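What follows is the residue order along each chain.
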There are 2 protein chains.
Amino acid sequence: MTRDTLHGADEIGVGLMGLGVVGGGVAATLLDPAQHVARTVGRPVSLKRVLVRQPDKERQMGVPPGILTADPTLLLNDPSIQVVVEVIGGEEPASSYIRQSLSRGKSVVTANKEVMAKEGQELLTLAAARGVDLLFEASVGGGIPIVGPLMKDLLANDIRSIQAIINGTTNYMLTRMARDGMDFDEALKEAQGLGFAEADPANDVEGIDAGYKLAVLASLAFHTQVRAEDVHREGISGLRARDFRYAHELGYAIKLLAIARREGGQVQARVHPCFVPQEHMLAKVDGVFNAVEVEGDLTGKILFHGRGAGREPTTSAIIGDLVEVAKKLGAGGGPAPFFPPGNSLTVAPMSELVTRYYIRLGAADRPGVLAQIARVLGDQDVSIASVIQKDSNPGSQTAELVVTTHPAREKAVQESLQRMRGLQVVRQVDNLVRVEDWPSD
Amino acid sequence: MTRDTLHGADEIGVGLMGLGVVGGGVAATLLDPAQHVARTVGRPVSLKRVLVRQPDKERQMGVPPGILTADPTLLLNDPSIQVVVEVIGGEEPASSYIRQSLSRGKSVVTANKEVMAKEGQELLTLAAARGVDLLFEASVGGGIPIVGPLMKDLLANDIRSIQAIINGTTNYMLTRMARDGMDFDEALKEAQGLGFAEADPANDVEGIDAGYKLAVLASLAFHTQVRAEDVHREGISGLRARDFRYAHELGYAIKLLAIARREGGQVQARVHPCFVPQEHMLAKVDGVFNAVEVEGDLTGKILFHGRGAGREPTTSAIIGDLVEVAKKLGAGGGPAPFFPPGNSLTVAPMSELVTRYYIRLGAADRPGVLAQIARVLGDQDVSIASVIQKDSNPGSQTAELVVTTHPAREKAVQESLQRMRGLQVVRQVDNLVRVEDWPSD
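For every chain, the first residue of the written sequence is number 1, and numbering continues from 1 onward in sequence order. Following the order in which they are written, the chains are lettered starting with A and the ligands numbered starting with 1. Two thresholds apply to this predicted model, a pLDDT of at least 70 for residue-level local features and 80 or more for giving and counting side-chain atom pairs, whereas whole-chain, interface and lining totals are computed over all residues. To get the side-chain values, take all heavy atoms of the structure and skip hydrogens and water.

Residues and elements named next belong to chain A. Note on exposure labels: buried denotes an accessible area under 20% of the residue type's maximum, exposed denotes more than 50%, and partly exposed covers the range between, all computed with a 1.4 Å probe on protein chains only. Each helix corresponds to a stretch of at least 4 residues labelled H or I by DSSP, and each strand to a stretch of at least 2 residues labelled E; elements are numbered beginning at the N terminus. Inspection of helix H12 (residues 241-250) places Asp243, Phe244, Tyr246 and Ala247 among the buried residues, and these make up the whole buried set. Along the axis of H12, the buried residues cluster in a sector spanning 165 degrees; they form a single face. Seen from the open side of H12, the exposed residues pointing more than 90 degrees away from its buried face are His248 and Glu249. Gly251 sits one or two residues past H12 and shows a positive phi near 95 degrees. Think of it as the arc spanned by the lines of direction from the helix axis to the C-beta atoms.

Right, here's the structure in full:
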């Protein structure tokens, strides 16, 4: 395909919303004189307009200043723009811009996990009604292809579960805490210094970001609507250096997992720290890497592993989607926009979860204490798998106890913890972490 | 989508060639009364004919005997068959049937790595000329989506390299040899007993199967033609239990890797046993699992891990492709068939490879021997990284030496081995294994 051939063919016009780290990468790719995208699509792909907050700001990106604008209507009303790439992030105004673009018959490529987690179903419905595409590979897992495989390659499967490490910031912190004995504050400060964590880290460390991404993946995998607010979320700030030591002794790593599992007509969707067996692939995902494990009824477990964030990987995902849309536009049509067939699954309440648990607590260091604790658990039908006494402190006459349970119901475990806290011999319950002991497949 | 809606829409007719393990899985999926495929496609997908060698043979598969035939023309000449699924395997007659199907304007979905490795370029050219699709996700990696991601999701990348474990039989054997100290014959016998290896195991243990798959992946990744015969192949039969022990001591696992790497206008393509650092993800791929690591300029390294063979995973890949073709047929068209843009890369000769090496040899157990060996290597500019003397045998006055080198040129190393064999103090050179020390990314 020569440049001349490209120039003869009808052009695909692109409007870009947002020119931050990722937007800059997308712009650079589209403005690259080697025209990699155009050659792949088979016709010119032209960056028509870029929406920014301050069009007059000095930029070193090679974007012609004349196409910068602060006025979204210049993109929305431009009939030569057939595809809008949204990389503003956050819910508003991104959501309104996506909606307006689709309404005006433009296809949209977005990296916006928050919008897709909160309004994905409505926006996909709108896109299908207008006969345009809404693609969002970049919203989860950076450059790792995961939305595409769930939408296409794995369609023959009934997906049973997803287990994922989809927040690189917290995985970096957990890796440092596990390997180097750092505590939470120290790991956070380092992550902030390296630019992995924001000044306000809540979005990452409280599992909000991972929750958005899980809502997107679960909706795709189960062909149903799992919204951001349906996901049970717990962050990593309660973990202490000693939890990592004990986990290691018991044969586990601690990871912030995003888990979605189908059980009949119900879906579990939860983000929380988890004990993961050391020999499991997810236990070996370190640093800022992400990994998504999908279990299909035909394929069994498939793991996708790679860089989950950053300018280049996210640009890769966006350009992949853009090429797909542009090829379809170039062909004058193609298969209908993706629309998840309507399973109507309900989200299972967290209290109904059955899994194993790790409980760390401080108790009086004297005979009979363990019997009392065991009785409280036994009264709720929670069966103890192991008890280890740690760090006996003769001065205060306290000891640290680490209890692991056999599979038990969340509700019963939470009720047991309440009662334990009422025991005179229990000083405090320090931590509860769920233990995921999957069969090794 | 109700059955009534489905019945109103135009039907997609499918012809199936082959009714073995995988063919049976495909037939069962298409004949499933729940019509999962039809509902996903949005119109009826009907199995019209099945090509088998013995139509009269008793089968317990629920395929209506009336659609079985031994006559390929009944599929090739049937205008109601728009898609042919080829799961016969082997080169002929599968290759001719694929060619004839494409020539007659039928799209083809195939699991045939041998045909794609030997004639992929010609067949894709033919498909593009006829405006039909030739899809082959099932030819590599079973149910792991890897062809699709290379063809679509990762298109924005210049792919730098592929490192893969793509033969489950040999990976199972290597896992047993490493973990349980089995030797090659014992591991092979077990793999045969479990049905993982054929009675004639050459296809697996000599790296032929992995070579076909690597040719397919490399052609896709680098948009060029890498043929089966371009791939340098070495099998695993030369490995001994002691090689696994020494590898372990040195911090490595031994894996049969398929490696393709682009360097400027050249491509390396090779299948051989490799020392892989124990902390690398590929070292952790055990048993019959497969894994493909792709390095893109934007994404960095992405790993795809899962079951690389078997009825269900392979069926998943075929049905995924079939749904894609059927959706496009249903929409009356779509983007042009995939056709790799024409890079014309040459395959680098193996002699030019630069990597590290592990050499195991038997030598006389007396002073000065090491100096002679070091001189032979030094004369060829091969620099020694470590030497360990093992298993000194006072009776025969021999010792086993394990030498590892710094990066060196294959040609120089092979020349050194020749000269070493000529030394009086060298009893024999037992093994040469390449060492892949990638940066940890």
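In this section: the environment of Glu92(A). Residue and element names in this part refer to chain A. You can see Glu92 is positioned in the loop between strand E4 (83-86) and helix H5 (94-103). Each C-alpha atom, one on Glu92 and one on Val108, is 16 Å from the other, the two residues being 16 residues apart in sequence. Here a polar contact means two N or O atoms within 3.5 Å. Within protein one must be a hydrogen donor candidate and the other an acceptor candidate, and residues neighboring in sequence count only if both atoms are side-chain atoms. Polar contacts involving the side chain of Glu92 include one to the side chain of Ser96, which spans 2.7 Å.

Moving on, we get to the relation of the copies chain A and chain B. The two chain copies are related to each other by a rotation about an axis together with a translation along it. To superpose the copies, least squares is applied to the C-alpha atoms of every residue with a pLDDT of at least 70 in both. When chain A is fitted onto chain B, the two copies agree to an RMSD of 0.0 Å after a turn of 180 degrees and an axial shift of 0.0 Å. Expressed as an axis order, the relation between the two copies is that of a two-fold axis. No C-alpha of chain A lies nearer the rotation axis than that of Gly334(A), which sits 1.9 Å from it.

Further remarks concern the packing of aromatic side chains. All names here are of chain A. Any pair of Phe, Tyr and Trp rings, taking the six-membered ring for Trp, is counted once the centres come within 6.5 Å. Such a pair is stacked with planes under 30 degrees apart, edge-to-face with planes over 60 apart, and tilted for the rest. Tallied over the full model, the rule gives seven aromatic pairs over all chains. With a centroid separation of 4.4 Å and 35 degrees between ring planes, the pair formed by Phe275 and Tyr358 is classed as tilted. Within this pair, whereas Phe275 is found in strand E10 (residues 266-277), its partner Tyr358 is found in strand E14 (residues 354-364), the two being separated by 83 residues in sequence. We classify Tyr358 as buried; its relative accessible area is 0%.

Time to look at the interface of chain A and chain B. Should any heavy atoms of two residues lie within 4.5 Å, those residues are considered in contact. On the side of chain B, 40 residues touch chain A, which itself brings 40 residues to the contact. Accessible surface is computed with a 1.4 Å probe, and the buried area is the amount of it that two parts give up when combined, taken over both parts together. Surface buried jointly by chain A and chain B totals about 3600 Å² across both partners, of which 63% is contributed by carbon and sulfur atoms. In terms of surface lost to chain B, no three residues of chain A exceed Asp153(A), Met281(A) and Leu298(A), which account for 16% of the buried area on that side. A pair is scored as a salt bridge if a Lys or Arg side-chain nitrogen falls within 4 Å of a carboxyl oxygen belonging to Asp or Glu. Here chain A is connected to chain B by zero salt bridges. Scanning the region where chain A abuts chain B turns up six residue pairs in polar contact (both at pLDDT 80 or more). At the level of secondary structure, the elements contributing two or more residues to the side of chain A that touches chain B comprise helix H3 (36-41), helix H7 (147-151), strand E12 (300-307) and helix H13 (311-330) of chain A. Of the residues forming the side of chain A that touches chain B, the biggest block, eight residues, is contributed by H13(A). Relative to strand E12 (residues 300-307) of chain B, E12(A) runs antiparallel, the two sharing three bridges. Looking at the pairing, Leu303(A) lines up with His305(B) of E12(B). Pairing between strands is defined by DSSP: at least two bridges between the two strands are required.

Attention now moves to the pattern of salt bridges. The full count for this structure, using the stated rule, is 54 salt bridges over all chains. We note a salt bridge from Asp209(B) to Lys113(B), for which the minimum N-O separation is 2.9 Å. Highlighted residues: Asp209(B) in helix H11 (residues 208-222) and Lys113(B) in helix H6 (residues 113-130), separated in sequence by 96 residues. On the basis of relative accessibility, which here comes to 26%, the residue Lys113(B) falls in the partly exposed class. Its salt-bridge partner being Glu295(B), residue Arg160(B) comes within 3.7 Å of it at the nearest N-O pair. With a gap of 135 residues between them, Arg160(B) in strand E7 (residues 159-165) and Glu295(B) in strand E11 (residues 289-296) connect regions that are remote in the sequence. Judged by relative accessible area, Glu295(B) falls into the buried class, the value being 17%. Salt bridges sharing partners connect three or more residues here, namely Arg242(A), Asp243(A), Arg360(A), Glu400(A) and Asp430(A).

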